[in-house]
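Given next are the chains, with one letter for each unit.
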Amino acid sequence: MEILARSYYENGKLKKKGNFKAGKPEGLWKIYYENGKLWKEVNYKGGDNDGLWKKYYKNGDLNVEVNDKEGKEEGLWKIYHENGNLEGEGNYKDGKKEGLWKYYYNNGKLKEEGNYKAGKLEGLWKYYNDNGKLKNEVNYKAGNAERLAKSYYENGKLKKKG
């Protein structure tokens, strides 16, 4: 049997609402800022985060989108700057970052990109200036920088190699 739960701020505005089943959160829960705007939407299964959850800025704009499976991040993850531009995106596997990840400046330009393996930096990572020009390239193995591969001037010309 599911029981609907609600709690409120002292000002009378709704703080959160969702269902309990066997004493654990179940299904979609919504949590609100004191100003009444939505803060989080979280799906639960057996008390664990399960499925898509979203977090919002106080102005109502989307901040984070994450997929969970049995309480661990699984699948696509996205985070946004307060201006609405994408800040980062990548995938999780069994609660750890996996595969290609990209991060962006507030202006929408690419900031860095590279791969993760089992939650650790792996392979070639590229880092960019906020003008979009390549700044550094670094090789990683199991999360450790092996060496600076290349470094570039602000204008994009090669500064240092190796």
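Cut-offs applied
- Residues numbered from 1 in each chain as written.
- Predicted model: local features only at pLDDT ≥ 70, side-chain atom pairs only at ≥ 80, totals over all residues.
- Heavy atoms only, no water.
- Helix = DSSP H or I, 4+ residues; strand = E, 2+ residues; numbered from the N terminus.
- Rg over C-alpha atoms; globule rule 2.2 N^0.38 Å.
- Buried < 20%, exposed > 50% of the residue type's maximum accessible area, 1.4 Å probe, protein only.
- Areas by Shrake-Rupley, 256 points an atom, 1.4 Å probe, with all protein chains shown as cover.
- Lys, Arg positive; Asp, Glu negative; His and termini not counted.
- Charge placed at Lys NZ, Arg CZ, Asp CG, Glu CD.
- Contact = heavy atoms within 4.5 Å.
- Polar contact = N/O pair within 3.5 Å; in protein donor to acceptor, adjacent residues only side chain to side chain.
- Core = buried A, V, L, I, M, F, W, Y, C linked by side-chain atoms within 4.5 Å.
- Phe/Tyr/Trp six-rings, centres within 6.5 Å; stacked < 30°, edge-to-face > 60°.
- Lys NZ or Arg CZ within 6 Å of the ring centre and 35° of its normal.

In terms of helices and strands, the protein carries 0 helices and 15 strands. Its C-alpha atoms give the protein a radius of gyration of 20 Å, more than 25% over the compact-globule value 15 Å for 162 residues. Principal axes of the C-alpha set define a box for the protein whose edges measure 65 × 30 × 20 Å. Here the protein holds 162 residues, and the buried ones make up 28% of them. Looking at the protein as shown, the accessible area adds up to about 10000 Å², and 46% of this sits on carbon and sulfur atoms. Positive and negative charge centroids in the protein, built from 35 and 25 side chains respectively, lie 4 Å apart.

A word on the environment of N107. For N107, the position within the fold is in the loop between β10 (96–104) and β11 (110–117). Sequence spacing of N107 and R6 is 101 residues, and the spatial spacing of their C-alpha atoms is 39 Å. Excluding residues within four positions of it along the chain, N107 makes contact with N85 and D130. At 3.0 Å, the side chain of N107 forms a polar contact with the backbone oxygen of D130.

As a further point, take the side chain of E41. In this fold, E41 is placed in strand β4 (residues 38–45). A polar side-chain atom of E41 sits 2.7 Å from a polar atom in the side chain of Y56. With sequence-adjacent residues up to four places away left out, E41 is seen in contact with L28, W29, K30, L52, W53, K54 and Y56.

Among the nonpolar cores identified, the biggest contains 15 residues, and V64, W77, W101, Y116, W125 and Y140 are the most heavily contacted of them. Here this core gets 3 residues from one element, more than from any other, and that element is strand β12 (residues 120–128). Aside from chain neighbours lying at most four places away, what touches W125 is W101, Y103, E112, E113, G114, N115, Y116, N136, E137, V138 and Y140.

This brings us to the packing of aromatic side chains. Under the defined criterion, the tally for this structure stands at 9 aromatic pairs. The interplanar angle of 40° and the centroid separation of 4.9 Å between the aromatic rings of W77 and W101 together place this pair among those described as tilted. Taken together, the positions of W77 in strand β8 (residues 72–80) and W101 in strand β10 put the pair 24 residues apart, joining distant regions of the chain. Taking the relative accessible area as the measure of exposure, W101 reaches 0% and is therefore buried. Ring pairs connect the aromatic residues W77, Y92, W101, Y103, Y116, W125 and Y127, which therefore count as one cluster. A cation over an aromatic ring shows up here: K40 above the ring of W39, its NZ or CZ 4.8 Å from the ring centre. Above the face of the W53 ring, K40 is positioned so that its terminal group lies 5.9 Å from the ring centre.

In short, shape yes, function no, at least from these values alone.
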